[in-house]
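Each chain is listed here by its residues.
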Amino acid sequence: MEKLCKKVEIDTVFRSRKAVSTPALTLHFSRNSVSRNRVVIMAGKKVGTSVVRNRARRVIWEFLRSSEPLLRQGMDMVWVVRPELGGKSNSEIRSLEESLLKEAGIWAAPKEHPGEFFLDFPSPHGGARGGT
RNA sequence: GGAGGAGGCUGGGUGAUCGCGGGCCUGGCAUCCGUGAAAACGGGUACGACAAGGCCUGAGGAAAGUCCGAACACCAUAGGGCUGGACGCUGGGUAACGCCCAGUGGGGGCGACCCCGAGGAUAGUGCCACAGAAAUGUAAACCGCCGCUUUGGUCGCUUUCCGGUCUUUCGGGACGGGAAGGUGAUUGAUGGUGCAAGGGUGCAACGGUGAGGUAAGAGCUCACCAGCGGCAGGGUGACCUGCCGGCUAGGUAAACCCCGUCCGGUGCAAGGCCAAAUAGGAGGGAAGCAGGGCAAUCGUCUGUGCGAACAGGCGGGAGUUCUGCACCGGCGGCCCGUCGGUCCCUCGGGUUGGCCGCUGGAGGUGUCUGGCAACAGACACCCAAGACAGAUGGUCACCGCUUUCAGGCAACUGAAAGAACAGAAUUCGGCUUACAGGUCGCCUCUUCUG
RNA sequence: GGCCCCAUCGUCUAGCGGCCUAGGACGCCGCCCUCUCACGGCGGUAACGGGGAUUCGAAUUCCCCUGGGGCUA
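For clarity, every value in this text was computed on a predicted model and none was experimentally measured.

Rules used throughout
- Residues numbered from 1 in each chain as written.
- Chains lettered and ligands numbered in written order.
- Predicted model: local features only at pLDDT ≥ 70, side-chain atom pairs only at ≥ 80, totals over all residues.
- Heavy atoms only, no water.
- Helix = DSSP H or I, 4+ residues; strand = E, 2+ residues; numbered from the N terminus.
- Contact = heavy atoms within 4.5 Å.
- Pairing = 2+ DSSP bridges.
- Axes fitted to C-alpha atoms, helices over the stretch in contact; angles between N-to-C directions.
- Near = heavy atom within 4 Å.
- Nonpolar A, V, L, I, M, F, W, Y, C, P; charged D, E, K, R; others polar.
- Buried < 20%, exposed > 50% of the residue type's maximum accessible area, 1.4 Å probe, protein only.
- Right-handed = clockwise from strand over helix to strand, strands pointing away.

A. Examining the environment of Ala24 more closely. Among the structural elements, Ala24 can be located in the loop between strand S2 (19-21) and strand S3 (25-31). Along the sequence, Ala24 and Leu96 sit 72 residues apart, while their C-alpha atoms lie 8.6 Å from each other. If near-sequence neighbours (up to four positions away) are discounted, Ala24 is found in contact with Val81, Arg82, Glu84, Leu85, Lys88 and Leu96.

Here's what the structure looks like:
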């Protein structure tokens, strides 16, 4: 699992229009061309002070890291933190993440149909992407 | 014991485990990076790059707000004037400051102690609403106070005259009344004068209190206080103390302003280097004048020559160069000055990579010396984050703290919950703001006991 | 990260330190006009971001917070 840094790649994830959300947390995701997962966690100024924002990033990142063996690989994820997350405890944040991952199909569920899920993935720019 | 005052320190700890940033070491290595499906191509390097392991190290007192001051970098080695801005008791500290220390003055508190943007209102200008007679002018007189002029009322005393009652020694006497006049007290009206003490208005009314003085009053006179000026003494100074003088000067400068001191601008996204990529595009402005030098070349004259031509003189001269002015641009808004220049500005187009700056510094800690202190000096020891979507966290256990509940007379035991403000971004010195607690001595007032 | 600016009724805005108990427009509410609606007329509702300081007096001047916005490779 590595970090997703470039603005162009992050914009690609947003353009895929695949997202699940709760009032406190939103997960945008798309499939990538690398075989590893790439993650970025965004916490804007409206979430709170730098202490609140950095704590949210660490907690989210730490849960993803510790539960990586259970996740499907080859995904780009953009986590967007919303102001409601400020008052949540660490265990609450973890359960929120788990439910979002399950909803997005990234969490390795008991019944696995990976091929079916990725079939309806929209290829951006009318299939102009090479290499897939 | 209670109530306070001022200041310093600290900002949970230990262990296990999984992770993150930086550095070093070890072993392995023709490897590493980019493009590519691969082959391959391009590039970097054996003081190298990558991955693994080990070790070391890794947020704050405010890292914050960005309110001041600097260092550093570029713009000229940061220049002059105007404008503008900041500061403002005194002395010291400091690289510097709007900060700190010590003092002065004022205000608050019984006190320890705390607070103060605290230069100039006699340099000038402005403003002081409403109310009030009057809001700064040696002004003004509403209610008032005083004597005086004119004119009344009441009362007292007195002179003259006229009656009355009683009495008589018939000379008168006593009592009371009326009229006219004089005089005094008091009171009213009127007029002009004197006064500013009192009332009233207001944030503020031209010193305050007391005594003398006066028709009533007034610094009119005196004492004390406050304020002003001068002199003397003390202090580096702010200022303090004493004496003398003339007796009066309102407030506001966080209103303009005056005085003194200081200030060029921009800010590490400063700035420098490397690599890569794109374009030579569009719009606008300016490419002017004068003089001098050189000069392709042209015209003309003279000379030589049969001639082509050559040489010399004169005149013009594309171009080029120099000087001055102008223009444009850089150096805060303007002027000067200065530097650069045929280009300058705006838009459009490309890149969104790497390295340096980047952490050893006005640095900390300790001791000694100087100083009331801030601080300075000497010596010794120490090196303590440097990221670039941005590193300190998760889980578990135990201990310590606080609260609640249960048990217990109590010491205590058990369970649950909680633990502030807050995260480095070029670096320092301050200020300001936020902050759960814990802890250390010092000081003041008060109560009780001995 | 650095450097700046702004804050007045629900909205857009006026507002020399005293006439501010803060004005106007659009809203909103009520009444009148009309057969009814619109237009029009009359009246009302409603604000100086918070705290401190200067001043006799502050929306206005000064300081500190709070909340918005902009510029900068």
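There's plenty left to go through after this.
B. Main features of the sheet that holds strand S4 (residues 38-43). Read from one edge of the open sheet, five strands run S1-S4-S5-S3-S2, paired in mixed fashion. In this open sheet, the two edge strands, each paired with only one partner strand, are strand S1 (2-3) and S2. Together, S1, S3, S4 and strand S5 (75-81) form the strand contacts of helix H2 (residues 50-66), whose direction differs from that of S4 by roughly 155°. Helix-sheet contacts for helix H3 (residues 90-104) involve S2, S3 and S5, and the interaxial angle to S3 is about 35°.

C. Representation of the protein's contact with RNA strand B. Taken together, Lys3, Thr49, Ser50, Val51, Arg57, Arg58, Glu62, Arg65, Asn90 and Arg94 make up the full set of residues near RNA strand B. The sugar-phosphate portion of RNA strand B accounts for 89% of its atoms within 4 Å of the protein, the bases making up the rest. Of all the elements, H2 adds the most residues to the surface near RNA strand B, at six residues. Class assignment of the residues belonging to the surface near RNA strand B gives a composition of one nonpolar, three polar and six charged.

D. Layout of the environment of Arg94. Tracing the sequence through the fold places Arg94 in helix H3. Taking the C-alpha atoms as reference points, Arg94 and Ala43, 51 residues apart in sequence, are found 16 Å from one another.

E. Geometry of the pairing of S4. Where burial is concerned, most of S4 is hidden: five out of the six residues are buried. Here S1 pairs with S4 via two bridges, running parallel. Paired with Lys3 across the two strands is Val39, which belongs to S4. Summarising the sheet, S4 and S5 pair through six bridges and their orientation is parallel. Looking across to S5, one finds that Met42 is bridged to Val80. Following the chain from S4 across H2 to the adjacent parallel S5, one finds a crossover that is left-handed.

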